[in-house]
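Descriptive analysis of the structure
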Amino acid sequence: MIVVNNINKTYRTPTQTVKALDDINLRVEKGDIFGIIGFSGAGKSTLIRCLNRLEEPDSGTIVIGDSVITDLGKNELRNARRKIGMIFQHFNLLDAKTVFQNVAFPLAVAGCAKKDIRPRVEEMLALVGLADKANAYPSQLSGGQKQRVGIARALVGEPDVLLSDEATSALDPHTTYSILELLADINRQLGLTIVLITHELDVLQHICRHMAVLENGRIVESGSVDKLFLHP
Ligand code: ADP
Ligand code: ADP
């Protein structure tokens, strides 16, 4: 479903050169929950952002479903991204818009008809348990509720893949658990493939089936979560 071949990425600033990704190879099966774990600076964020080309790799190929992501031109990339949802550590909601408008936003941008947007947004808000918050503003919500809005927005375009960039890192342990349970439910209900990055072992062990360990831009270990933790 997702195949990453020989991805490299170097950041060059006037003062330093950092090899953030060094020959990364990965394979994520359709319907999996795949976790990438590593310390701060390991390259996790760079790697997950390469999957939807928020970051441009220097070399290598990324295939998601039928799309060779790394070969796409601007317009094709815009279409391909509709099938790749993403959630963020700091939620990235639009503060001046209501919960409903935030979730509707990707559909509105895509030129969807108003009459099609409403039922779809309502369905997504029900899915994440926020049907009663449609008219609230992000500032009126708890952290967990904000991330639920982020999840609803990520799923509203019916993506095949959900990317999670430290989605629970800003949340307390109880809320983290409820968001992870929601993601696991969504994976079960929709068969959606989830790729997440985290620096927390608990997160990985709680919902991931497969994993890779990233260290200094290289994958140093990968496999099934159960097997890797049975034989430390
Ligand atoms: P992680 O998500 O695991 O913390 P990152 O992918 O953010 O790691 O960063 C990997 C390395 O690349 C780090 O050394 C970081 O400082 C560097 N880096 C990340 N983004 C940039 C950037 N825009 N410019 C220069 N260096 C960067
Ligand atoms: P908070 O951030 O305030 O701790 P949560 O993120 O735990 O709240 O939950 C937000 C809302 O979603 C609550 O109203 C809760 O009852 C509801 N909720 C919690 N878990 C689920 C679930 N798995 N499916 C649907 N709704 C849920």
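As a starting point, this report considers the structure included with it.

Cut-offs applied
Residues numbered from 1 in each chain as written. Chains lettered and ligands numbered in written order. Predicted model: local features only at pLDDT ≥ 70, side-chain atom pairs only at ≥ 80, totals over all residues. Heavy atoms only, no water. Helix = DSSP H or I, 4+ residues; strand = E, 2+ residues; numbered from the N terminus. Rg over C-alpha atoms; globule rule 2.2 N^0.38 Å. Buried < 20%, exposed > 50% of the residue type's maximum accessible area, 1.4 Å probe, protein only. Lys, Arg positive; Asp, Glu negative; His and termini not counted. Charge placed at Lys NZ, Arg CZ, Asp CG, Glu CD. Near = heavy atom within 4 Å. Polar contact = N/O pair within 3.5 Å; in protein donor to acceptor, adjacent residues only side chain to side chain. Nonpolar A, V, L, I, M, F, W, Y, C, P; charged D, E, K, R; others polar. Axes fitted to C-alpha atoms, helices over the stretch in contact; angles between N-to-C directions. Parallel < 35°, antiparallel > 145°, perpendicular 65-115°, else oblique. Left-handed = near helix turned anticlockwise from the far one by under 90°. Contact = heavy atoms within 4.5 Å. Salt bridge = Lys/Arg side-chain N within 4 Å of Asp/Glu carboxyl O. Areas by Shrake-Rupley, 256 points an atom, 1.4 Å probe, with all protein chains shown as cover. 1 Å grid on protein atoms, 1.4 Å probe; cavity = no way out; pocket = protein on both sides within 12 Å on 5 of 7 lines; lining within 4 Å. Points joined across faces, edges and corners; volume = space filled by probe spheres on them.

**Thoughts on the overall build of the protein**
Summing up its helical and strand segments, the protein has eight helices and 10 strands in all. By the compact-globule yardstick of 17 Å for 232 residues, the protein fits well, its C-alpha radius of gyration being 18 Å. Seen along its three principal axes, the alpha-carbon backbone of the protein occupies a region of about 45 × 40 × 35 Å. Expressed as a percentage of the 232 residues in the protein, the buried residues total 47%. Each charge class in the protein can be summarised by its mean position, and for the 26 positive and 27 negative side chains these summaries are 7 Å apart.

**Notes on the site of ligand 2**
Contacts to ligand 2 come from Gly 129, Ser 142, Gly 144, Gln 145, Arg 148, Thr 175, Ser 178 and Asp 185. In this structure, an oxygen atom belonging to ligand 2 sits 3.3 Å away from a main-chain N or O atom of Gly 144. Contact distances for ligand 2 include 2.9 Å between an oxygen atom and a side-chain N or O atom of Arg 148. Contributing elements (two or more residues each) for the shell around ligand 2: helix H5 (143-155) and helix H6 (173-190). Along the lines of polarity and charge, the residues of the shell around ligand 2 split into no nonpolar, six polar and two charged.

**Some points on the packing of helix H3 (residues 99-109) against H5**
It is at 7 Å that the axes of H3 and H5 come closest, and there the two elements cross at 30°. On the basis of the axis angle, H3 is roughly parallel to H5. As for the relative orientation of H3 and H5, their crossing is right-handed in sense. Every residue of H5 that contacts H3 at Val 99, Asn 102, Val 103 and Pro 106 is listed here: Val 149, Ala 152 and Arg 153. Broken down by class, the residue content of the contact of H3 with H5 amounts to five nonpolar, one polar and one charged.

**Digging into the pattern of salt bridges**
Following the criterion strictly, the structure yields 11 salt bridges and no others. Between Asp 22 and Lys 19 there is a salt bridge, with the nearest N and O atoms lying 4.0 Å from each other. Overall, Lys 19 belongs to the partly exposed group, its relative accessible area being 40%. Put simply, Arg 27 and Glu 29 hold a salt bridge, and the shortest N to O gap is 2.9 Å.

**Comments concerning the site of ligand 1**
The immediate surroundings of ligand 1 are formed by Tyr 11, Thr 13, Val 18, Ala 20, Phe 39, Ser 40, Gly 41, Ala 42, Gly 43, Lys 44, Ser 45 and Thr 46. Between ligand 1 and the protein, one listed contact pairs an oxygen atom with a backbone N or O atom of Ala 42 at 3.1 Å. In this structure, an oxygen atom belonging to ligand 1 sits 2.9 Å away from a main-chain N or O atom of Gly 43. If ligand 1 stood free it would expose 560 Å²; the protein chains cover 61% of that surface. Across the shell around ligand 1, the residue classes tally to five nonpolar, six polar and one charged.

**Concerning empty space enclosed by the protein**
Unoccupied space between atoms shows up once a probe the size of one water molecule is rolled over them. Going through the model one piece at a time under the given rule, you end up with one cavity of 30 Å³ or more. The computed volume of the largest cavity comes to approximately 50 Å³. Lining the largest cavity are Ser 164, Glu 166, Ala 167, Thr 168, Leu 180, Leu 183, Leu 196, Ile 197, Thr 198 and Val 203. Where the lining of the largest cavity is concerned, the elements lending two or more residues are H6 and strand E8 (193-198). The biggest single contributor to the lining of the largest cavity is E8, with three residues. Its residues assigned to classes, the lining of the largest cavity shows six nonpolar, three polar and one charged.

In short, geometric facts, not functional conclusions.
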